[in-house]
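Residue-level structural notes
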Amino acid sequence: EVRLAESGGGSVKPGESLILSCLRSGFTASRACMAWFRQTPENEREAVAFIDVLGTTEQYADSIKGRFTISRDRAKNTLYLLMNNLQPDDTATYFCAAAFGGHCTLPWSEAKTWQFWGQGTQVTVSS
């Protein structure tokens, strides 16, 4: 079974940066596409960024494009999200997600595409 564990969240002021990490364990031999989502109590889970199996293709939500960068270190089984110029609207719980095989061909921004989820890490941006 695949397990995902996020870390790196915290409280920052507008304009500051954070790096989130997602450690994958349990079934690391299989190649997975991966993504970051975020969610608030008031809103549905929102897709943030996607990276393919090889780490050669990235996609981003319009709301964060140009500020966030997704990357992966396959040797370390770790996914990253570099978040620059954070704003209050970025406040949310951030979740790591993984999928395999045909699921990686489905629309990445839909939560139902993803087979495995982490527990989330909180990011709070306020002055």
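Residues numbered from 1 in each chain as written. Predicted model: local features only at pLDDT ≥ 70, side-chain atom pairs only at ≥ 80, totals over all residues. Heavy atoms only, no water.

1. With respect to the overall build of the protein chain
Helices and strands together make up the secondary structure of the protein chain, namely 0 helices and 11 strands. Shown N-terminal to C-terminal, the secondary structure of the protein chain runs as helices and strands in the order β-β-β-β-β-β-β-β-β-β-β. Long-range pairs, those at least 24 residues apart, make up 57% of the contacts in the protein chain between residues at least 6 apart in sequence. A total accessible area of about 6,700 Å² is found for the protein chain, and carbon and sulfur atoms account for 48% of it. (Helix = DSSP H or I, 4+ residues; strand = E, 2+ residues; numbered from the N terminus. Contact = heavy atoms within 4.5 Å. Areas by Shrake-Rupley, 256 points an atom, 1.4 Å probe, with all protein chains shown as cover.)

2. Observations regarding the state of the cysteines
One pass over the full model with this rule turns up 2 disulfides. Across the disulfide, Cys22 is cross-linked to Cys96 (sulfur-sulfur distance 2.0 Å). On the sign convention where negative means left-handed, the S-S torsion of about -75° between Cys22 and Cys96 marks this disulfide as left-handed. Of this pair, Cys22 sits in strand β3 (residues 18-25) while Cys96 sits in strand β9 (residues 92-99), and the two are 74 residues apart along the sequence. Comparing Cys22 with Cys96, the two get one shared label, buried. In this model Cys33 forms its disulfide with Cys104; the gap between the sulfur atoms is 2.0 Å. Taking the sign of the S-S torsion, -95° for the link of Cys33 and Cys104, the bridge is left-handed. Placement of the pair is Cys33 in strand β4 (residues 33-39) and Cys104 in the loop between β9 and β10 (116-117), with a sequence separation of 71 residues. In the protein chain, numbering the disulfide-bonded cysteines from first to last in sequence yields the connectivity 1-3, 2-4. (Disulfide = S-S within 2.5 Å. Buried < 20%, exposed > 50% of the residue type's maximum accessible area, 1.4 Å probe, protein only.)

3. Here's the deal with the sheet that holds β3
One key point about sheets: their strands pair by backbone hydrogen bonds, in either a parallel or an antiparallel sense. Taken in spatial order, the 4 strands line up as β1-β3-β8-β7 in an open sheet, and their pairing is antiparallel. Edge strands, defined here as strands with exactly one partner in the open sheet, are β1 (3-7) and β7 (68-73). Direction aside, neighbouring strands of the sheet carry axes that sit 15° apart on average. With 6 bridges joining them, β7 and strand β8 (residues 78-83) adopt antiparallel strand pairing. (Pairing = 2+ DSSP bridges. Axes fitted to C-alpha atoms, helices over the stretch in contact; angles between N-to-C directions.)

4. Topic: the pattern of salt bridges
All chains considered together, the criterion is met by 4 salt bridges. The salt bridge partner of Asp90 is Arg38, with a shortest N-O separation of 2.9 Å. A residue pair is termed long-range when its members are at least 10 positions apart, and Asp90 in the loop between β8 and β9 and Arg38 in strand β4 qualify at 52 residues. Classification of Asp90 by relative accessible area gives buried; the value is 2%. (Salt bridge = Lys/Arg side-chain N within 4 Å of Asp/Glu carboxyl O.)

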